[in-house]
Amino acid sequence: MRKSHASTRRRFLGLAGSAAAIGMVPVVSLRPAGATPETMAAAIRNVVGTATVQTGKVKLDVPPLVENGNTVPMTVSVTSPMTEEDYVKSIHVFNEKNPQPNIGNFYLGPKAGRAQVSTRIRLADSQKIIAIARLSDGSFWSVSADVVVTLAACTEEVI
Amino acid sequence: MASALINVPKKAKRGEIIEIKTLMSHIMETGYRHTAAGQLVPRDIITSFTCRFNGAEIFRADLFPAIAANPFVTFFTIANESGKFDFEWIGDNGFTETASAAISVE
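All of these numbers come straight from a predicted model, not from anything done at the bench.

1. A closer look at the overall build of chain A
Right, on to step 1. When helices and strands are counted, chain A shows 2 helices and 9 strands.
Right, on to step 2. Starting at the N terminus and ending at the C terminus, chain A contains elements arranged as α-α-β-β-β-β-β-β-β-β-β.
Right, on to step 3. Residue burial in chain A is summarised as follows: out of 159 residues, 42% are buried.
Right, on to step 4. Counting every atom, chain A has about 8,700 Å² of accessible surface; 59% of that belongs to carbon and sulfur.

Now the structure itself:
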């Protein structure tokens with residue numbers, strides 16, 4: 001009696017598990033073709049031109065695991081003295097799997113005092129986000145962050 | 001119907017770095033969503049946000065459909081003198097909205 005109970009439970013869990021796995025597949029494949037790592041690279045090229053992008057100086061704060069992709073808090077900050085001689089000109093944020101590779105461009109100046117910008121963004125899938133900062137000396141610095149998204153944004157049906 | 005929420009400190013010490021928080025009510029329709037009938041919902045987003053202090057631009061942002069509804073943007077500036085911040089949002093379908101906030105620096 002006891003044994004059969006355990007096996008029923010095990011079978012149920014197994015079924016539930018596979019049902020969940022099957023359920024996951026269409027969620028991913030429903031997403032229409034949008035930005036890809038290649039279009040993201042092209043969008044980045046549009047901003048930086050032929051300059052090389054170095055890694056560092058930039059900090060990108062996004063939660064690593066997001067339940068709802070419709071509002072994801074994001075903070076980008078750049079290590080910079082923010083003086084007239086040395087400041088952050090702009091911050092550009094990109095993603096690789098939304099319908100469009102751009103998230104936002106933010107233009108600052110020496111009067112900003114602190115090179116930090118916060119906003120809320122949408123994410124259509126689990127993906128990599130890249131933030132690039134343009135400094136007043138013409139150099140570019142970047143950082144990337146990976147985010148896992150449970151509920152995708154942007155492309156759901158309107159009811 | 002649109003309305004703005006601005007958070008700027010009323011007073012600041014000279015040279016202090018202050019945080020400015022802005023929120024604009026807006027649907028930010030991405031232009032990638034479909035109705036149940038399969039029709040594409042046209043894009044309706046705010047594309048540009050600008051903040052000026054006493055007429056001079058201190059912060060600007062290009063927004064894309066990847067910015068969440070009711071765009072919330074925060075940034076910093078140095079309080080050097082008393083004056084007025086003017087905020088401006090521009091978007092699709094002729095959307096424009098402005099707001100302003102005063103600060104006294106001592």
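2. Brief notes about the overall build of chain B
Right, on to step 1. Per the secondary structure count, chain B includes 0 helices and 8 strands.
Right, on to step 2. Secondary structure of chain B in N-to-C order comes out as β-β-β-β-β-β-β-β.
Right, on to step 3. Computed over its C-alpha atoms, the radius of gyration of chain B comes to 16 Å, more than 25% above the 13 Å expected for a compact globule of 106 residues.
Right, on to step 4. For the C-alpha atoms alone, the extent of chain B along its principal axes is close to 60 × 20 × 20 Å.

3. Quick notes on the side chain of S139 of chain A
Residue and element names in this part refer to chain A.
Right, on to step 1. With respect to the helices and strands, S139 occurs in the loop between strand 8 (127-135) and strand 9 (140-151).
Right, on to step 2. Within the local environment of S139, its side chain forms a polar contact with the side chain of D137, the two groups lying 2.8 Å apart.
Right, on to step 3. In contact with S139, not counting residues within four places along its chain, are Q54, A133 and R134.

4. Looking at the interface of chain B and chain A
Right, on to step 1. Tallying the contact residues gives 30 residues for chain B and 30 residues for chain A.
Right, on to step 2. Of the roughly 2,800 Å² buried where chain B meets chain A, counting both sides, 53% is carbon and sulfur surface.
Right, on to step 3. Broken down residue by residue, the surface that chain B buries against chain A is led by Y32, A66 and F76 of chain B, which jointly contribute 22%.
Right, on to step 4. At the boundary of chain B and chain A, one finds 0 salt bridges.
Right, on to step 5. Connecting chain B to chain A are 15 residue pairs in polar contact (both at pLDDT 80 or more).
Right, on to step 6. Here the side of chain B that touches chain A gets 7 residues from one element, more than from any other, and that element is strand 6 (residues 72-79) of chain B.
Right, on to step 7. For the side of chain B that touches chain A, a count of residues per class yields 22 nonpolar, 5 polar and 3 charged.

5. Side note on unusual backbone geometry
Right, on to step 1. Positive phi is not limited to glycine here, since K57 of chain A has a value of about 65°.
Right, on to step 2. Its location among the elements puts K57 of chain A in the loop between strand 1 (53-55) and strand 2 (58-61).
Right, on to step 3. Judged by relative accessible area, which is 37%, K57 of chain A ranks as partly exposed.
Right, on to step 4. In this structure, N70 of chain B is a non-glycine residue whose phi angle is positive, near 55°.
Right, on to step 5. By the element assignment, N70 of chain B lies in the loop between strand 5 (56-63) and strand 6.

6. Side note on the packing of aromatic side chains
Right, on to step 1. Per the stated rule, a full pass over the model turns up 9 aromatic pairs over all chains.
Right, on to step 2. Seen from their ring centres, F85 of chain B and F87 of chain B are 6.4 Å apart, and the 25° between their planes marks the pair as stacked.
Right, on to step 3. You can call F85 of chain B buried: its relative accessible area is 3%.
Right, on to step 4. On the accessibility criterion, F87 of chain B (1% relative accessible area) is buried.
Right, on to step 5. Through successive ring pairs, a cluster of aromatic residues spans F106 of chain A together with F49, F53, F59, F75, F85, F87 and W89 of chain B.
Right, on to step 6. One residue, R114 of chain A, lies across the ring of F76 of chain B, its end atom 4.5 Å from the ring centre.
Right, on to step 7. In this structure, R60 of chain B packs its charged tip against the face of Y107 of chain A, placed 4.1 Å from the ring centre.

Definitions and cut-offs
- Residues numbered from 1 in each chain as written.
- Chains lettered and ligands numbered in written order.
- Predicted model: local features only at pLDDT ≥ 70, side-chain atom pairs only at ≥ 80, totals over all residues.
- Heavy atoms only, no water.
- Helix = DSSP H or I, 4+ residues; strand = E, 2+ residues; numbered from the N terminus.
- Buried < 20%, exposed > 50% of the residue type's maximum accessible area, 1.4 Å probe, protein only.
- Areas by Shrake-Rupley, 256 points an atom, 1.4 Å probe, with all protein chains shown as cover.
- Rg over C-alpha atoms; globule rule 2.2 N^0.38 Å.
- Polar contact = N/O pair within 3.5 Å; in protein donor to acceptor, adjacent residues only side chain to side chain.
- Contact = heavy atoms within 4.5 Å.
- Buried area = accessible area lost by both parts, 1.4 Å probe.
- Salt bridge = Lys/Arg side-chain N within 4 Å of Asp/Glu carboxyl O.
- Nonpolar A, V, L, I, M, F, W, Y, C, P; charged D, E, K, R; others polar.
- Phe/Tyr/Trp six-rings, centres within 6.5 Å; stacked < 30°, edge-to-face > 60°.
- Lys NZ or Arg CZ within 6 Å of the ring centre and 35° of its normal.

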